[in-house]
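Observations on chain architecture
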Amino acid sequence: MQPDPLINTVLSEKSWLTSQPTTTDLWQTALSLGYPAALWRLPNRADKHLIVSLDTVLPRVSVDLEELPAGFAISPFDNLDFGPDSPARTLFLRADIHATFGEQGSKIVETGTAPAVNRFWQAVAEQPTAKRPASLSLTDLPDPNAQSDYVHRVAQAVEAMQRGEFRKVVLSRTKRVEFSDTPDAVALFDTLCDTYPTAFISAVSLPEHGQIWMSATPERLVSQNADGLFRTLSLAGTQSATDANGVPKRPAEAMWSQKEIEEQALVSRYIIECFKKIRLREYLEEGPKTIIAGNLMHLGTQFTVDTQAVHYPQLGTVMLRLLHPTSAVCGMPRDRAFNFIRRHETHDREFYAGFLGPVNIGSTEEQPATDLFVHIRCMKLEGRVATLIAGAGLTEDSVPEREWQETEMKCQTLLAVLSKP
């Protein structure tokens, strides 16, 4: 693939730039200039994408998938009823510079204004050679009351459900660790890609927040490709993907409790109820079946709709507004579960349990696609400190201590990568 002419000019200005810039070059330049950036890889794909927005303060949008330009969306959890008449809370990184790195080479597309784009490439040329840091050590930042507090909140939720206040709620907790030095987000991203090939891997730098969010999420919220094929997934229930001896289990070996089966069925019924609200009957339901997601197994059911066949091109936007936040990260009924979460969780979820992903970006400019995922299995980087957030789906049959252990397993999705040499 031939380099972009502008990049050829930049390459000639700096002797060490003997090939197209790498993900690290672009990422570090965006960081140094204070520009937001998003790096991602779709499940079961090899191509890695990176976009840089030349906005130092990101626009807040109400997500309309048919109207937005190419870019990357990241929404907070607290974003209910985000229609055109509601406050816009979703951050949108416009793809002013979009680089694709794949097995066949790299490609860069520019849509930003020429002066700003030229300044960015000049900064790339002047960026010193990126050196990945040596192996970093991790230190827990302990919270001695974390387990007892979480177990107590779970018990409160179980009592509320037994009184009939709601049927399900998802309570989350945080876990904080500190690196011996500021970690290289691109190196962590690459390790996540190697470790979890079936997950959506992302790193999103938000300079205005002073944060980098990283995730390896297995949960697709809304996808719609250029052919109009819409997909969503109901995912719930969690168990280790290895046995007591650390040997990987086959999906057929997974044993699911009645509590986990019912929890997953609630998520599926929630999606079906959303279809009913818009009088959509023509959908394909596949599952539930066991899905391996890194070190964990879940129960999942995929729903597919041919939007061209049902003459519903806006289905992606409509379903996104109906689905978020799903019962997999909030509960049922949604509003009652949401209010319980706001009253009982002691931390701000921020972008955890929101959604994120590329919008109107595909493998080629002629085939744009949207792929939005539920933002779970994630952490927030602030300098040397990483805050992991994990939740457990609770029903009236939940055992508080077991739910604590489930959140511990979910934290290990990222901790296992962070602690690699």
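These figures come from a predicted structure and were not determined experimentally.

So, about the pattern of salt bridges. As a working rule, side chains carrying opposite charge can pair if their charged atoms are close by. The final tally for this structure, using the stated rule, is 22 salt bridges. With a shortest N-O distance of 3.0 Å, R94 and D55 are connected by a salt bridge. Taken together, the positions of R94 in strand β5 (residues 90-94) and D55 in the loop between β2 (48-52) and β3 (60-61) put the pair 39 residues apart, joining distant regions of the chain. Taking relative accessible area as the criterion, R94 reaches 29% and is therefore assigned partly exposed. A salt bridge links E408 to K175; the nearest nitrogen and oxygen atoms lie 3.5 Å apart. Taken together, the positions of E408 in helix α9 (residues 400-418) and K175 in strand β9 (residues 168-179) put the pair 233 residues apart, joining distant regions of the chain.

In this section: the pairing of strand β15 (residues 296-306). For β15, the buried fraction is high: nine of the eleven residues fall into the buried class. As judged from the ten bridges shared by strand β13 (residues 229-240) and β15, these two strands associate in the antiparallel manner. If you follow A236 over to β15, its bridge partner there is L299. Bridge count for strand β14 (residues 284-293) against β15 is eight bridges, and the pairing is antiparallel. Across the sheet, K289 pairs through a bridge with G300, a residue of β15.

Each regular strand carries side chains that alternate between the two faces of the sheet. Across the ten residues of strand β20 (residues 385-394), ten count as buried, placing the element largely inside the fold. Burial along β20 is two-sided: the residues V385, T387, I389, G391 and G393 and A386, L388, A390, A392 and L394 are all buried. By the bridge criterion, ten bridges tie β9 to β20 in an arrangement that is antiparallel. Counted as the bridge partner of K175 is L388 from β20. In the sheet, strand β19 (residues 378-382) pairs with β20 via five bridges, with the strands oriented antiparallel. The residue of β20 that forms the bridge with E382 is V385. What sits between β19 and β20 in their antiparallel hairpin is a turn of two residues, with G383 showing a positive phi close to 65°.

What follows covers the packing of aromatic side chains. Counted by the stated rule, this structure contains ten aromatic pairs. Measuring from centroid to centroid gives 4.3 Å for F200 and F373, while their planes differ by 5°, and the two rings are stacked. In this pair, F200 sits in strand β10 (residues 200-206) while F373 sits in strand β18 (residues 370-374), placing the two residues 173 residues apart along the sequence. Residues F200 and F373 agree in their burial class; the two are buried. With a centroid separation of 6.1 Å and 55° between ring planes, the pair formed by Y283 and F303 is classed as tilted. Separated by 20 residues along the polypeptide, Y283 in the loop between α6 (258-277) and β14 and F303 in strand β15 bring together distant segments of the chain. When its relative accessible area of 0% is taken as the criterion, F303 is described as buried. Clustering of aromatic rings is evident, with ring pairs tying together F275, Y283 and F303. Against the face of F77 rests R349, its NZ or CZ located 4.3 Å from the ring centre.

A few words now on the side chain of T90. For T90, the location among the structural elements is in strand β5. With a relative accessible area of 0%, T90 lands in the buried category. Side-chain polar atoms of T90 contact the side chain of N79, separated by 3.0 Å. Setting aside residues no more than four positions away along its own chain, T90 makes contact with P59, R60, V61, V63, A73, I74, S75, P76, N79 and F355.

Right, let's get into the environment of L50. Note on placement: L50 falls in strand β2. According to the relative accessible area criterion, L50 is buried, its value standing at 1%. When residues no more than four places from it in sequence are discounted, the contact partners of L50 are T23, L26, W27, A38, L39, I97, H98 and A99.

The rules behind each value
- Residues numbered from 1 in each chain as written.
- Predicted model: local features only at pLDDT ≥ 70, side-chain atom pairs only at ≥ 80, totals over all residues.
- Heavy atoms only, no water.
- Salt bridge = Lys/Arg side-chain N within 4 Å of Asp/Glu carboxyl O.
- Helix = DSSP H or I, 4+ residues; strand = E, 2+ residues; numbered from the N terminus.
- Buried < 20%, exposed > 50% of the residue type's maximum accessible area, 1.4 Å probe, protein only.
- Pairing = 2+ DSSP bridges.
- Phe/Tyr/Trp six-rings, centres within 6.5 Å; stacked < 30°, edge-to-face > 60°.
- Lys NZ or Arg CZ within 6 Å of the ring centre and 35° of its normal.
- Polar contact = N/O pair within 3.5 Å; in protein donor to acceptor, adjacent residues only side chain to side chain.
- Contact = heavy atoms within 4.5 Å.

Any functional reading would require information beyond the geometric quantities listed.
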